[in-house]
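Topology and contacts: notes
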Amino acid sequence: MSSKHYAMKKCSTFARKQNMTILQFLQEMNIKICEGADGSRVDLDKLSATQITNLKRKIDEVDVPIDPKYKI
(Lines give C-alpha, C1' and ligand atoms only; values in the text may rest on other atoms or scores of the structure.)
Protein backbone atom coordinates (compact mmCIF):
# COMPACT_ATOMS: atom_id res chain seq x y z
CA MET A 1 0.00 0.00 0.00
CA SER A 2 1.42 3.38 -0.94
CA SER A 3 1.99 6.06 1.65
CA LYS A 4 -0.79 8.20 0.17
CA HIS A 5 -3.34 5.40 0.48
CA TYR A 6 -2.06 4.62 3.96
CA ALA A 7 -2.56 8.24 5.03
CA MET A 8 -6.10 8.40 3.64
CA LYS A 9 -7.12 5.08 5.21
CA LYS A 10 -5.68 5.88 8.64
CA CYS A 11 -7.08 9.41 8.81
CA SER A 12 -10.55 8.20 7.85
CA THR A 13 -10.73 6.27 11.14
CA PHE A 14 -9.34 9.08 13.33
CA ALA A 15 -11.33 11.02 15.89
CA ARG A 16 -11.85 14.75 15.34
CA LYS A 17 -8.98 15.73 17.66
CA GLN A 18 -6.55 13.46 15.80
CA ASN A 19 -7.62 14.90 12.44
CA MET A 20 -7.18 18.44 13.77
CA THR A 21 -3.62 17.54 14.85
CA ILE A 22 -2.85 16.28 11.33
CA LEU A 23 -4.34 19.43 9.77
CA GLN A 24 -2.22 21.63 12.03
CA PHE A 25 0.85 19.63 11.02
CA LEU A 26 0.00 20.16 7.34
CA GLN A 27 -0.40 23.90 7.93
CA GLU A 28 3.01 24.01 9.62
CA MET A 29 4.50 22.40 6.50
CA ASN A 30 2.83 25.15 4.38
CA ILE A 31 0.70 22.69 2.46
CA LYS A 32 -2.40 24.10 0.78
CA ILE A 33 -5.62 22.92 2.45
CA CYS A 34 -8.88 23.45 0.56
CA GLU A 35 -11.70 24.02 3.01
CA GLY A 36 -15.33 23.34 2.20
CA ALA A 37 -18.63 23.11 4.00
CA ASP A 38 -18.29 19.33 4.16
CA GLY A 39 -14.65 19.18 5.28
CA SER A 40 -11.06 19.93 4.30
CA ARG A 41 -9.10 18.46 1.43
CA VAL A 42 -5.42 18.12 0.64
CA ASP A 43 -4.06 17.18 -2.78
CA LEU A 44 -1.56 14.47 -1.78
CA ASP A 45 -0.28 14.23 -5.35
CA LYS A 46 1.33 17.67 -5.01
CA LEU A 47 3.40 16.68 -1.96
CA SER A 48 7.07 15.79 -2.27
CA ALA A 49 8.42 12.43 -1.14
CA THR A 50 9.88 13.94 2.05
CA GLN A 51 6.57 15.63 2.88
CA ILE A 52 4.72 12.34 2.42
CA THR A 53 7.25 10.58 4.65
CA ASN A 54 6.90 13.27 7.33
CA LEU A 55 3.11 13.04 7.11
CA LYS A 56 3.22 9.25 7.48
CA ARG A 57 5.44 9.59 10.55
CA LYS A 58 3.06 12.11 12.12
CA ILE A 59 0.06 9.87 11.40
CA ASP A 60 1.80 6.93 13.10
CA GLU A 61 2.63 9.21 16.05
CA VAL A 62 -1.00 10.35 16.41
CA ASP A 63 -2.49 6.87 15.90
CA VAL A 64 -2.79 5.91 19.55
CA PRO A 65 -5.71 3.63 20.39
CA ILE A 66 -8.33 4.99 22.79
CA ASP A 67 -8.36 3.26 26.15
CA PRO A 68 -11.43 0.96 26.27
CA LYS A 69 -12.67 2.48 29.54
CA TYR A 70 -13.14 5.84 27.72
CA LYS A 71 -15.02 4.38 24.75
CA ILE A 72 -18.77 4.69 24.62
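1. Some words on the overall build of the protein
Secondary structure assignment for the protein yields 3 helices and 2 strands. Starting at the N terminus and ending at the C terminus, the protein contains elements arranged as α-α-β-β-α. Taking the principal axes of its C-alpha atoms as reference, the protein extends roughly 40 × 30 × 20 Å. Residues classed as buried in the protein amount to 25% of the 72 residues present. Residue pairs at least 24 apart in sequence account for 57% of intrachain contacts in the protein once pairs closer than 6 positions are excluded. Counting only carbon and sulfur atoms, one obtains 53% of the accessible surface of the protein, whose full area is about 5700 Å². Averaged over its 13 positive side-chain charges, the protein has a centre that lies 2 Å from the centre of its 9 negative ones.

2. Comments concerning the layout of surface pockets
Estimated volume of the largest pocket: approximately 400 Å³. Residue lining of the largest pocket: 15 residues in total, with C11, L23, L26, S40 and V42 positioned closest to the centre. For the lining of the largest pocket, the secondary-structure elements that each account for two or more residues are helix 1 (3-12), helix 2 (16-28), strand 2 (39-41) and helix 3 (49-62).

3. Focus: the side chain of Q18
Examined against the element boundaries, Q18 turns out to sit in helix 2. Polar contacts involving the side chain of Q18 include one to the main-chain amide nitrogen of A15, which spans 2.8 Å. Not counting residues within four places of it along the chain, the set of residues in contact with Q18 comprises V62, D63 and V64.

4. Observations regarding unusual backbone geometry
In this model, N30 sits at a positive phi of 60°, which is unusual for a non-glycine residue. The topology assignment puts N30 in the loop between helix 2 and strand 1 (34-36). Of the residues examined, N30 reaches a relative accessible area of 71% and is grouped as exposed.

5. Side note on the pattern of salt bridges
Under the counting rule described, the total for this entry stands at 5 salt bridges. Among the salt bridges present, the one from D45 reaches K4, with a minimum N-O distance of 3.2 Å. Highlighted residues: D45 in the loop between strand 2 and helix 3 and K4 in helix 1, separated in sequence by 41 residues. Taking relative accessible area as the criterion, D45 reaches 60% and is therefore assigned exposed.

Definitions and cut-offs
Residues numbered from 1 in each chain as written. Predicted model: local features only at pLDDT ≥ 70, side-chain atom pairs only at ≥ 80, totals over all residues. Heavy atoms only, no water. Helix = DSSP H or I, 4+ residues; strand = E, 2+ residues; numbered from the N terminus. Buried < 20%, exposed > 50% of the residue type's maximum accessible area, 1.4 Å probe, protein only. Contact = heavy atoms within 4.5 Å. Areas by Shrake-Rupley, 256 points an atom, 1.4 Å probe, with all protein chains shown as cover. Lys, Arg positive; Asp, Glu negative; His and termini not counted. Charge placed at Lys NZ, Arg CZ, Asp CG, Glu CD. 1 Å grid on protein atoms, 1.4 Å probe; cavity = no way out; pocket = protein on both sides within 12 Å on 5 of 7 lines; lining within 4 Å. Points joined across faces, edges and corners; volume = space filled by probe spheres on them. Polar contact = N/O pair within 3.5 Å; in protein donor to acceptor, adjacent residues only side chain to side chain. Salt bridge = Lys/Arg side-chain N within 4 Å of Asp/Glu carboxyl O.

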